[in-house]
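Chains, contacts and geometry: an overview
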Amino acid sequence: MRDIFDQIRKRMQPPQWASWQTLIFLSIFSAVVAALTSQAPPQIAERIISSLGWVFLILGTWWFVYEPDVKKKLKLYELFIGPWIVGALICIYLFGTWEGRAIPARTAFVSWPPISAIVWSIPKFIQSDPKTKSPIYTTPTPANRQNIILVLLANLLISCWFQLYFEVQDWLTEYPSFRAQGFEQSAFVRELQPPEKRLELSRGVDYLDAAEKALKSQLEGKPWAEVERWLSNLDQEFPTIRDEAFAQLPRIAENQLWNLTARITSDAYDLKMQAMWQGPSARNAAYYLTKTCRIAQARQVSTPEQLKFNSPAPPAISARQIRSLGTVQCGAASSPDSLPQP
Amino acid sequence: MFTDVLPLRAILFQLLFIVLAIAIESIVLQKYLGIGQKTSIQYAATANLASPVVGWLIFFTVESSLPPSWRVQLIGYIFYDRINSPALLIGLAFSIFIGTFLLKVQTINWLDQILGIRKPSTVEVQDPIKFRGRTAHRQTFSELPNRALAVLLANAASFSAITFLIAVRTILPPTNY
């Protein structure tokens with residue numbers, strides 16, 4: 001029993017009090033204490049202790065990666081990657097755990113390279129005093145100054161690339177339909193896995209579906225005469241359908257780029273709705289989606305009026321009423337590829 | 001929203017262009033300024049890493065303040081490689097050329113100060129008290145390598161090479177790289 005304890009102790013005990021193990025233990029200790037402190041809303045104590053834990057963890061890791069043995073192993077093609085590990089921890093601490101936000105994302109990623117470059121260059125500013133062995137500030141040698149400038153600039157460039165990635169994501173959130181035409185020609189971006197069904201990426205499909213819904217609520221079950229009147233006034237009536245369709249969908253910047261039109265293509269009332277993309281196009285031809293709806297009349301035989309047997313008038317056989325009502329049947333939205341150019 | 005649309009092509013092209021520009025510009029600078037190989041590579045590397053960083057910063061600032069219709073055109077250019085007015089593109093390319101030239105001259109001057117490299121031009125004119133004959137002065141002046149001119153030539157050479165590569169990419173049929 002004693003042997004086991006001794007062994008554990010030997011393993012656990014840092015070789016010196018001033019060592020990276022001490023710092024890591026301190027950080028674990030802080031994490032445990034932070035977990036034990038009250039979870040009440042202000043959480044001031046917890047925040048301070050967990051911050052201390054992070055600082056200990058960063059310093060401990062910093063120390064650890066600069067240990068000669070570790071430094072030798074942490075090399076990627078002759079490049080010592082230790083500073084980037086430390087930089088990542090610093091960024092997670094600074095930008096990742098704020099107010100319990102789950103995704104550190106943007107700020108953390110963008111600031112990671114320059115912070116790592118600063119971590120990388122710090123040893124170049126420090127020299128150990130020949131007498132007291134304590135670290136003192138020193139101006140880096142010209143060769144080191146040049147290296148610091150180049151490393152910093154290269155890392156800033158990587159930051160810009162991260163930022164570019166996030167910009168592209170912003171654009172795709174505001175203008176998702178750009179994906180529908182594919183980025184094969186782009187000199188900037190590439191899709192890792194080009195999607196199989198491009199059409200579904202276009203919000204034109206959503207617009208047409210919304211328009212179909214609006215059209216159905218407008219015409220279905222209405223007397224046929226009214227439907228025909230509506231159809232003959234299509235140019236004046238359709239804008240309301242368009243507005244209703246737009247109102248159904250989330251408001252994003254892209255909505256400005258879609259135009260919805262409709263025209264009657266056959267006397268049996270085939271209504272062809274067209275969602276026209278007015279933004280930039282990948283090809284010379286215009287990009288549009290169509291949906292054809294057949295508006296027909298259905299004969300509905302309504303049950304005769306209730307015969308009023310107890311009325312004094314003789315119960316005449318009331319004529320069966322035949323009413324014509326509008327029905328709307330729509331096909332699926334189709335991509336321009338499957339249709340001839342207008 | 002995070003998608004798998006990555007700016008990989010931009011990164012690839014930028015890396016290629018930077019390496020190419022450093023190689024070309026260091027040769028040109030070395031030849032025109034009569035400086036050592038190491039110094040010329042230092043100049044070219046620093047200048048060509050600084051200019052894309054500044055360029056991206058300007059891009060991000062301008063992009064966020066563009067009116068929506070312009071922004072859509074810009075996004076269209078980046079996603080589909082198509083632009084409504086090629087004249088605008090040429091104008092932009094020209095101003096980028098001038099901008100990078102000025103930036104590179106400035107970067108090299110700063111680099112001299114930071115690294116403590118003595119400029120051959122300033123060494124000559126630093127001492128105004130010393131009397132110089134007219135001819136002697138003119139001679140030194142004409143012999144002095146003009147740094148701005150050398151940087152302009154280097155910039156022109158690297159831009160030509162990059163333009164050539166872009167032209168080749170435009171002409172060749174698209175391949176999925």
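Heads up: the structure comes first, above all this text.
Residues numbered from 1 in each chain as written. Chains lettered and ligands numbered in written order. Predicted model: local features only at pLDDT ≥ 70, side-chain atom pairs only at ≥ 80, totals over all residues. Heavy atoms only, no water.

Side-chain pairs of opposite charge can arise where the charged atoms are in close proximity. All names here are of chain A. Within this structure, the stated rule accounts for twelve salt bridges over all chains. Across the salt bridge formed by Asp-270 and Arg-294, the nearest N and O atoms sit 2.9 Å from each other. On the criterion of sequence distance, the pair formed by Asp-270 in strand β7 (residues 270-277) and Arg-294 in strand β8 (residues 287-302) is long-range, its members being 24 residues apart. The exposure class assigned to Asp-270 is buried, which follows from its relative accessible area of 15%. (Salt bridge = Lys/Arg side-chain N within 4 Å of Asp/Glu carboxyl O. Helix = DSSP H or I, 4+ residues; strand = E, 2+ residues; numbered from the N terminus. Buried < 20%, exposed > 50% of the residue type's maximum accessible area, 1.4 Å probe, protein only.)

All names here are of chain A. Here helix α2 (residues 20-36) is 17 residues long and its end C-alpha atoms lie 25 Å apart, about the 24 Å a rise of 1.5 Å per residue gives. Inspection of α2 places Thr-22, Leu-23, Ser-27, Ser-30 and Ala-34 among the buried residues, and these make up the whole buried set. Projected down its long axis, α2 carries its buried residues within an arc of 135°, all on one side. Opposite the buried face of α2, at more than 90 degrees from it, the exposed residues are Phe-29, Ala-35 and Leu-36. In the core, the buried residues of α2 are packed alongside α3 (44-65). (Expected span 1.5 Å × (residues − 1). Arc of directions from axis to C-beta. Contact = heavy atoms within 4.5 Å.)

It is worth spelling out the interface of chain A and chain B at this point. Facing 47 residues of chain A, the contacting portion of chain B comprises 45 residues. Together, the buried faces of chain A and chain B total about 4,700 Å²; carbon and sulfur atoms form 68% of this surface. Of all residues in chain A, Trp-171, Phe-188 and Arg-190 of chain A give up the largest surface area on contact with chain B, accounting jointly for 17% of the area buried on that side. In this structure, the connection of chain A to chain B is made through 21 residue pairs in polar contact (both at pLDDT 80 or more). Mapped onto the side of chain A that touches chain B, the elements with two or more residues apiece are α7 (142-174) and β5 (190-191) of chain A. In terms of residue count, α7 of chain A provides more of the side of chain A that touches chain B than any other element does, 22 residues in total. Of the residues that constitute the side of chain A that touches chain B, the class distribution is 26 nonpolar, 13 polar and eight charged. Two elements, β5 of chain A and strand β1 (residues 5-6) of chain B, share two bridges in a ladder whose sense is antiparallel. Bridge pairing in β1 of chain B links Glu-191 of chain A to Val-5 of chain B. (Buried area = accessible area lost by both parts, 1.4 Å probe. Polar contact = N/O pair within 3.5 Å; in protein donor to acceptor, adjacent residues only side chain to side chain. Nonpolar A, V, L, I, M, F, W, Y, C, P; charged D, E, K, R; others polar. Pairing = 2+ DSSP bridges.)

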